[in-house]
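Close look at the chain arrangement
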Amino acid sequence: MPKRWEEMLTDIWTSFLFIWITLFPYISMAPINQSKSLQTGSIMGLRGTGEGQKILSRAKRGWVWNQMFVLEEFSGPDSILVGRLHTDLDSGSRNIKYILSGEGAGTIFVINELTGDIHAMKRLDREEKAEYTLTAQVINRDTDEALEPPSEFIIKVQDINDNAPEFNNGPYHATVPEMSLVGTSVTKVTATDADDPVYGNSARLVYSIVEGQPYFSIDANTGVIRTALSDMDREAREQYHVVIQAKDMGGHMGGLSGTTTVTITLSDVNDNPPKFSQSLYHFSIPENLAVGNAGGRVKANDRDIGENAKSSYSIIEGDGIDVFEITTDPQTQDGILRLKKPLDFEDKKSYTLKVEAANIRIDPQFSNGVPFKDTATVKIAVEDSDEPPVFSKPTYFLSIHENATINSVIGNVSATDPDATKSHVRYLIDRHTDLERQFNINVDDGKITLAKPLDRETDTWHNITVTATEIRNNSQISQAIVAIKVLDVNDNAPEFASEYEAFLCENGKPGQVIQTVSAIDKDDPKDGHFFTYSLVPEMSNNPNFTIKNNEDNSVSVLAKHNAFRRQKQEMYFLPIIVSDNGNPPMSSTNTLTIRVCGCSSDGIVQSCNVEAYVLPIGLSMGALIAILACIILLLVIVVLFVTLRRHKNEPLIIKDDEDVRENIIRYDDEGGGEEDTEAFDIATLQNPDGINGFLPRKDIKPDLQFMPRQGQHSAPNGVDVDEFINVRLHEADNDPTAPPYDSIQIYGYEGRGSVAGSLSSLETASSDSDQNFDYLREWGPRFKRLGELYSVGESDRET
């Protein structure tokens, strides 16, 4: 027999035994004449005493039957007897009928109408429904009269252990620090059982570990998982898979069980110090390594992870503390050895350092007073490199006078090879910094000479770049800046600071300052400028003007008299010689222009032209401009007025030059397109009255009223179109109310310039008689008349 059936039979036997033990005292206490089957009850006992009934003596108590029980999951070939209903009115006669109603009545529970036996017809599940409430009643079979009031009772479904425990939240994941003490709580698991927790032990669960010992333990009642071993090292094993079992029936044999998996991960603690992978490191670094670049890497491994594995590096001793530094790579946790100062193979060929790696984060629980750090020795060998030449100065400052001769030596630069080989050096000028090729340099000794004349006033400084190259290795190049200052010599004469133009009033006073004159000099002497002014020798005794030194490198021009008149002389020219104090001194002659002007009584210049005298006294130039503007405005108004008058005097008689016409167009062809220009000569269509000199007025109604022409009747099909057009043309010519001209446009041919091609049906091979227009009748009432005109019979066509 399968194990599952054995467990079920055991559960059924246990349930029956429990019921028997529970009900045995009641059965043993009942009188023999009142004993009935276990499923028997008394409706009268449940009903009690009716209203108004007097109790004369103590009644014998019947069975308490308001609850009945039935086992769940019972299956068999026959229905199961739940219980029996019996009333004291049932004396064995056949006129008593039992009726059952309520939950499941007639479907799940069926009552025998004669005996009152209740049977369960279906297999019941307590987890689906634990109890059913029903109502029982006794009636007269013949009259259906109720013999007793309805009584309510409950049928309870008794539980059997048919549900295994389940872990609804599994599988579980938990974390516990490594090296935790024994008994450290990890997590809690919980299982549920759908069986009745009140009745029996079907829902009493007990937890146990199936897999995961001896590392973890579990509380059998609460499901709390705890560590069972100390010194569990994450670095040795990081993850554990623990299988937990929950068994009902208190864990006894025959109980059902369920399992779940708990994945427990050990979290890291800082219980391992950093450790260098080797105690001695060797590096070779070229001497031309740039400052700040990495020269090597060291690594201290830490078995921990995350923040616990981070270390900091430092140089604690050695002869290269000032030359090297070590930093931590945040990504790889390597120690990067960097250069702080330039290396020189010729000066020092090797270095020895002692580096240390220490954990940044320390856990006192595991350090035990021992620092979590490690040291290693680093030996660095400097490699000799072919270095470029080195100039004696990074920047050279030279000077030369601007009047120096070609090939004059300005100065020299010097560079040497720092290598032990001491290669010879060649010098060149970078022509990108000397586009004018102003200078040259000796390739062997570095002497810089002048190649072209200099001009300090054009360029005061020349900045050129000189390169030094090893002869043995042309790729080794170094550069230096040479700044050449051009020194000044007195090679420029002074001149007026600006183009001066002086104004002299006719009514000025003798000795009045006309103009103050200053000078400039492009040269730049060390002691500053000092200018002297004088009149040219031939005008030293100028009768009109003189000059006065102001002691500030400027002079004032003075008038000698007040007899200046514009009518006599309007403009004077005064040559002045300006000299500097250079060695040798330089001078230039500059001419001052002086105009004689009319001034007000306050000395304000009003006019400097001779033509101003022809103006009336007190009339200024601005007033004259205003008068001229008014005159021009009046002329414009007159011209506009005359133009408007011409438009108003337009003749009302139609002239020959007015080409007012209409075109009478002949529609006997489609049209000629762009090249159709044939038409009647407009002269042939002119009004005959116009030829005789009679021109109709446009603004009056003609005296001769045009008589309306008689109504035209439909002409026969053979009418001459030319005659018809001529009649209409004659009538239009004699109509005084018609426009002056008409023209007949002839479309005698289709035209050769139409891109679209012919759309006309005039030249089609078919005639009207060949076409059938009956379809026009089908287009509706709007096309009815058109259909009547074209849709004619054969007889009409022949006519």
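Just so we're clear, the structure is a prediction, and the values are computed from it rather than from any experiment.

A look at the overall build of the protein
For the protein, the helix and strand inventory stands at eight helices and 43 strands. Residues counted as buried form 34% of the 799 residues belonging to the protein. Taking contacts inside the protein between residues at least 6 apart in sequence as the whole, the part at least 24 apart equals 68%. Within the structure as shown, the protein displays about 50,000 Å² of accessible surface, and the carbon and sulfur contribution to it stands at 53%.

Observations concerning the sheet that holds strand 12 (residues 216-218)
Strand order in the open sheet formed by three strands is 10-13-12, and the pairing between neighbours is antiparallel. At either end of the open sheet lies a strand with only one pairing partner, and these are strand 10 (185-188) and strand 12. Direction aside, neighbouring strands of the sheet carry axes that sit 25° apart on average. One ladder, built from three bridges, connects strand 10 with strand 13 (residues 224-227); its direction is antiparallel. Looking across to strand 13, one finds that Ser185 is bridged to Arg226.

Quick word on the pairing of strand 15 (residues 257-267)
Pairing geometry for strand 9 (residues 172-177) and strand 15, over six bridges, is parallel. What sits directly across from His173, in strand 15, is Thr263. When strand 14 (residues 239-247) meets strand 15, the two strands line up antiparallel, connected through nine bridges. What sits directly across from Gln245, in strand 15, is Thr259.

Observations regarding unusual backbone geometry
That bond from Gly170 to Pro171 is cis: its omega, -5°, falls within 30 degrees of zero. Assignment of secondary structure puts Pro171 in the loop between strand 8 (151-158) and strand 9. The omega torsion of the bond from Asn583 to Pro584 falls at -5°, within 30 degrees of zero and hence cis. Tracing the backbone shows Pro584 in the loop between strand 39 (571-579) and strand 40 (587-599). The backbone of Asp231 sits at a positive phi, close to 60°, despite the residue not being glycine. Structurally, Asp231 can be placed in the loop between strand 13 and strand 14. Since its relative accessible area comes to 57%, Asp231 is described here as exposed. One non-glycine residue with positive phi stands out, namely Glu551, at about 65°. Within the secondary structure, Glu551 is located in the loop between strand 37 (545-549) and strand 38 (554-559).

Here we look at helix 6 (residues 721-733)
For helix 6, spanning 13 residues, the distance from its first C-alpha to its last is 18 Å, which sits close to the expected 18 Å at 1.5 Å a residue. Taken as a whole, helix 6 has its buried residues at Leu729, Glu731, Ala732 and Asp733.

Describing a nonpolar patch on the surface
Taken together, the side chains of Tyr775, Trp779, Phe783, Leu786, Leu789 and Tyr790 present a nonpolar region at the surface, about 590 Å² in accessible area. For Tyr790, the location among the structural elements is in helix 7 (residues 784-790). Residue class for Tyr790 comes out partly exposed when judged on its relative accessible area of 39%.

Considerations on the pattern of salt bridges
Throughout the structure, instances matching the rule amount to 18 salt bridges. A salt bridge links Glu501 to Arg595, with the nearest nitrogen and oxygen atoms 2.4 Å apart. A residue pair is termed long-range when its members are at least 10 positions apart, and Glu501 in strand 34 (residues 501-505) and Arg595 in strand 40 qualify at 94 residues. Taking relative accessible area as the criterion, Arg595 reaches 23% and is therefore assigned partly exposed. Of the charged contacts, one joins Glu731 and Arg728 as a salt bridge, the two residues approaching to 3.9 Å between their closest N and O atoms.

Details of the packing of aromatic side chains
The full count for this structure, using the stated rule, is 13 aromatic pairs. An angle of 75° between the planes, with centres 5.4 Å apart, marks the rings of Phe324 and Tyr351 as edge-to-face. With Phe324 in strand 20 (residues 324-328) and Tyr351 in strand 22 (residues 350-359), the pair connects residues that are 27 residues apart, well separated along the chain. Exposure class is identical for Phe324 and Tyr351. Each is buried. Ring geometry for Phe545 and Phe564: centres 5.5 Å apart, planes at 20°, overall stacked. Of the two residues, Phe545 sits in strand 37 while Phe564 sits in the loop between strand 38 and strand 39, which places them 19 residues apart along the sequence. What makes Phe545 buried here is its relative accessible area of 3%. Accessibility expressed as a relative area gives 1% for Phe564, which makes it buried.

A short note on the confidence of the model for the protein
The predicted model of the protein averages 77 in pLDDT, with 74% of residues at 70 or higher. Summarising per-element confidence for the protein, the mean pLDDT is lowest in helix 2 (residues 43-47) (35) and highest in strand 29 (residues 439-441) (95). Here residues 1-5 is a poorly scored stretch, pLDDT under 50, and it has five contacts once near neighbours within four places are set aside; other chains count.

Some points on the state of the cysteines
By the definition in use, this model includes two disulfides. Bridging Cys597 to Cys608, the disulfide has an S-S length of 1.8 Å. One quick way to see it: the torsion about the S-S bond of Cys597 and Cys608 is about 100°, and its sign makes the bridge right-handed. Residue Cys597 is located in strand 40, and its partner Cys608 is located in the loop between strand 41 (605-607) and helix 4 (621-648); the two are separated by 11 residues in the primary sequence. Take Cys597 and Cys608: they sit in the same class, and that class is buried. Each disulfide in the protein links cysteines that, numbered along the sequence, combine into the pattern 1-3, 2-4.

As for the sheet that holds strand 35 (residues 513-520)
Taken in spatial order, the four strands line up as 33-35-38-37 in an open sheet, and their pairing is antiparallel. Whereas interior strands pair on both sides, the edge strands pair on one side only; in this sheet they are strand 33 (495-496) and strand 37. Pairing analysis gives two bridges linking strand 33 to strand 35, with the strands arranged antiparallel. Residue pairing in the sheet places Glu495 in a bridge with Ile520 of strand 35.

Digging into the side chain of Ser600
Residue placement: Ser600 occurs in the loop between strand 40 and strand 41. Since its relative accessible area comes to 16%, Ser600 is described here as buried. Setting aside anything within four residues of it in sequence, one finds Ser600 in contact with Asn507 and Gln606.

Brief notes about the side chain of Asn270
With respect to the helices and strands, the residue Asn270 is situated in the loop between strand 15 and strand 16 (275-276). With residues up to four places along the chain from it excluded, the contact list for Asn270 reads Asp304, Asn308, Asn359, Arg361, Ile362, Asp363, Phe366 and Phe372.

Cut-offs used in this document
- Residues numbered from 1 in each chain as written.
- Predicted model: local features only at pLDDT ≥ 70, side-chain atom pairs only at ≥ 80, totals over all residues.
- Heavy atoms only, no water.
- Helix = DSSP H or I, 4+ residues; strand = E, 2+ residues; numbered from the N terminus.
- Buried < 20%, exposed > 50% of the residue type's maximum accessible area, 1.4 Å probe, protein only.
- Contact = heavy atoms within 4.5 Å.
- Areas by Shrake-Rupley, 256 points an atom, 1.4 Å probe, with all protein chains shown as cover.
- Pairing = 2+ DSSP bridges.
- Axes fitted to C-alpha atoms, helices over the stretch in contact; angles between N-to-C directions.
- Expected span 1.5 Å × (residues − 1).
- Patch = residues over 30% accessible without salt bridge, like charges linked within 9 Å, V, L, I, M, F, W, Y side chains within 5 Å.
- Salt bridge = Lys/Arg side-chain N within 4 Å of Asp/Glu carboxyl O.
- Phe/Tyr/Trp six-rings, centres within 6.5 Å; stacked < 30°, edge-to-face > 60°.
- pLDDT = per-residue confidence, 0-100.
- Disulfide = S-S within 2.5 Å.

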